[in-house]
Amino acid sequence: EADIYQTPRYLVIGTGKKITLECSQTMGHDKMYWYQQDPGMELHLIHYSYGVNSTEKGDLSSESTVSRIRTEHFPLTLESARPSHTSQYLCASEEGTALGETQYFGPGTRLLVL
Amino acid sequence: SQQGEEDPQALSIQEGENATMNCSYKTSINNLQWYRQNSGRGLVHLILIRSNEREKHSGRLRVTLDTSKKSSSLLITASRAADTASYFCATDRYGGATNKLIFGTGTLLAVQP
């Protein structure tokens, strides 16, 4: 069982609201990732981090932003939510320095923007 | 793109039967992984096979990798209703400067009791 947590699990919010999705891991992993996944579809990488104060945009353009002030914490923020942001957001972490190793996923946050 | 393609998109079998899913990818890789996702949940890592390996086993799971054909297969033997889930393959990018994984489109497996 991976020690990676996401809150909230479900969020229903109105258009224009600012939201922050929390992700934390207690495994001491340097690498962390945010993916966006629509129902029944593949995962798309939207942000990643290789350590404190390191953040990069992923393959899928996203209006969200991330920060990495502490190793264990990688929150994602939407300044002004829109219905097009409705999706599932999955956070993951990865140990070690080798390429393409196992990622450990949180349970996800299902976001619905009305 | 590097994105993996999986087939079939959906598979329905009876409990006790074997299930085979395939994954194809486009460029050279360091390794290939298979993940499982229950409905509405996060992904769980099942198995990782490196580019210099051809076959790997873990319990009822058997994974093969053919780098010449750029393809992999996941076999689940003696399936159970609890195996019902979506299964994704994921590849890294050989020689790339980053650790990003590229996930396939997934196979939805339904095991009927």
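Quick note: structure is the one above.
Reference entry: report on the structure contained in this document. Computed from a predicted structure; not experimentally measured. Per-chain numbering applies: the sequence of each chain, read as written, is numbered from 1 onward. To read the labels, note that chains go from A and ligands from 1, taken in the order they are written. Note on the predicted model: pLDDT of at least 70 is required for a residue's local features to be given, and 80 or more for side-chain atom pairs to be given and counted; whole-chain, interface and lining totals, by contrast, use all residues. With hydrogens and water set aside, each side-chain value is computed from the structure's full complement of heavy atoms.

1. Looking at the overall build of chain B
Helical segments are the DSSP runs of H or I of at least four residues, strand segments are the runs of E of at least two, and each set is numbered from the N terminus. Summing up its helical and strand segments, chain B has zero helices and eleven strands in all. Of the regular secondary structure in chain B, the N- to C-terminal order runs β-β-β-β-β-β-β-β-β-β-β. Relative to its length of 113 residues, chain B is compact, with a C-alpha radius of gyration of 14 Å against a globular reference of 13 Å. Dimensions of chain B along its principal axes, counting C-alpha atoms only, are 45 × 30 × 20 Å. For chain B, buried positions account for 47% of its 113 residues. Between two residues, a contact is recorded if the distance between any of their heavy atoms is within 4.5 Å. Sequence-distant contacts in chain B: of pairs separated by 6 or more residues, those separated by 24 or more amount to 57%. A 1.4 Å probe and the Shrake-Rupley method give the accessible areas. Residues count as covered only by the protein chains that appear here. On chain B, roughly 5,200 Å² of surface is accessible, and the fraction owed to carbon and sulfur atoms is 47%. Positive charges come from Lys and Arg alone, negative charges from Asp and Glu alone, with His and the N- and C-terminal ends not counted. Just so you know, the charge point we use is NZ for Lys, CZ for Arg, CG for Asp and CD for Glu. Across chain B, the mean location of the 13 positive side-chain charges is 6 Å away from that of the 10 negative side-chain charges. Only C-alpha atoms enter the radius of gyration; for comparison, a globular chain is expected to reach 2.2 Å times N to the power 0.38, where N is the number of residues. Note on exposure labels: buried denotes an accessible area under 20% of the residue type's maximum, exposed denotes more than 50%, and partly exposed covers the range between, all computed with a 1.4 Å probe on protein chains only.

2. Describing the sheet that holds strand β8 (residues 71–76) of chain B
Think of a sheet as strands paired side by side through backbone hydrogen bonds, with each pair either parallel or antiparallel. Residues and elements named next belong to chain B. Pairing within the open sheet is antiparallel, and its five strands lie in the order β1-β3-β8-β7-β6. Looking at strand neighbours, the two that pair on one side only are β1 (5–7) and β6 (55–58), the edges of this open sheet. If you compare each strand with its neighbour and ignore which way they point, the axes differ by 15° on average. The pairing of strand β3 (residues 19–24) with β8 spans six bridges and is classified as antiparallel. The residue bridging C23 from the neighbouring strand is S72, located in β8. Any two strands with at least two DSSP-identified bridges between them are counted as paired. What counts as an axis is a line fitted to C-alpha atoms, over the stretch in contact for a helix, and the angles between N-to-C directions run from 0 to 180 degrees.

3. Observations concerning the state of the cysteines
Residues and elements named next belong to chain A. The disulfide criterion is simple: two cysteine sulfur atoms within 2.5 Å. The full count for this structure, using the stated rule, is two disulfides over all chains. Residue C23 pairs covalently with C91 via a disulfide, S to S 1.9 Å. In this structure the cystine formed by C23 and C91 twists about its S-S bond by roughly -75°; its chirality is therefore left-handed. Highlighted residues: C23 in strand β3 (residues 19–25) and C91 in strand β9 (residues 87–94), separated in sequence by 68 residues.

4. Some thoughts on the interface of chain A and chain B
Listed per partner, the contact involves 26 residues of chain A and 24 residues of chain B. Only one rule defines a salt bridge in this text: a Lys or Arg side-chain nitrogen within 4 Å of an Asp or Glu carboxyl oxygen. Taken together, the links from chain A to chain B amount to two salt bridges. For D59 of chain A, the salt bridge is made with K100 of chain B, and the minimal N-O distance between the two is 3.1 Å. Any pair of nitrogen or oxygen atoms within 3.5 Å is treated as a polar contact; in protein, a donor-acceptor pairing is required on top of that, and neighbouring residues in sequence qualify only through side-chain atoms on both sides. Where chain A packs against chain B, one counts seven residue pairs in polar contact (both at pLDDT 80 or more). Breaking the side of chain A that touches chain B down by element, the ones donating at least two residues are β4 (31–37), β5 (44–51), β9 and β10 (103–105) of chain A. With four residues, β4 of chain A is the largest single contributor of residues to the side of chain A that touches chain B.

5. Comments concerning the sheet that holds β3 of chain A
Ordered in space as β1-β3-β8-β7 (chain A), the four strands form an open sheet in which the pairing is antiparallel. Sheet topology places β1 (4–7) and β7 (65–66) of chain A at the edges, where each strand pairs with a single neighbour.

6. Overview of a nonpolar patch on the surface
Only residues whose relative accessible area exceeds 30% and that form no salt bridge are eligible for patches; like-charged ones are grouped when within 9 Å, while nonpolar side chains (Val, Leu, Ile, Met, Phe, Trp, Tyr) are grouped when within 5 Å. A surface patch of nonpolar side chains, amounting to about 290 Å² of accessible area, comprises V12, L112 and L114 of chain A. By the secondary structure assignment, L112 of chain A is in strand β11 (residues 109–113).

7. Points about the nonpolar core
All names here are of chain B. Residue types Ala, Val, Leu, Ile, Met, Phe, Trp, Tyr and Cys, when buried and joined through side-chain atoms within 4.5 Å, form a set referred to as a nonpolar core. Judged by nonpolar contacts, the single largest core of 20 residues is most densely connected at M21, L32, W34, L74, I76, Y87 and L109. At the level of secondary structure, the elements contributing two or more residues to this core comprise β3, β4 (31–37), β5 (43–50), β7 (61–66), β8, β9 (85–91) and β11 (107–112). For L32, the residues in contact, after removing those within four places along its chain, are C23, Y25, I47, L48, I49, L65, S72, C89, A90 and T91.

8. Here we look at the pattern of salt bridges
Considering all chains together, one arrives at ten salt bridges over all chains under this definition. Taking the shortest distance from any N to any O, the salt bridge between K18 of chain A and E79 of chain A comes out at 3.9 Å. Of this pair, K18 of chain A sits in the loop between β2 (10–13) and β3 while E79 of chain A is found in the loop between β8 (76–78) and β9, placing the two residues 61 residues apart along the sequence. On the basis of relative accessibility, which here comes to 54%, the residue K18 of chain A falls in the exposed class. Via salt bridges that share partners, R36, R60 and D83 of chain B belong to a single interconnected network.

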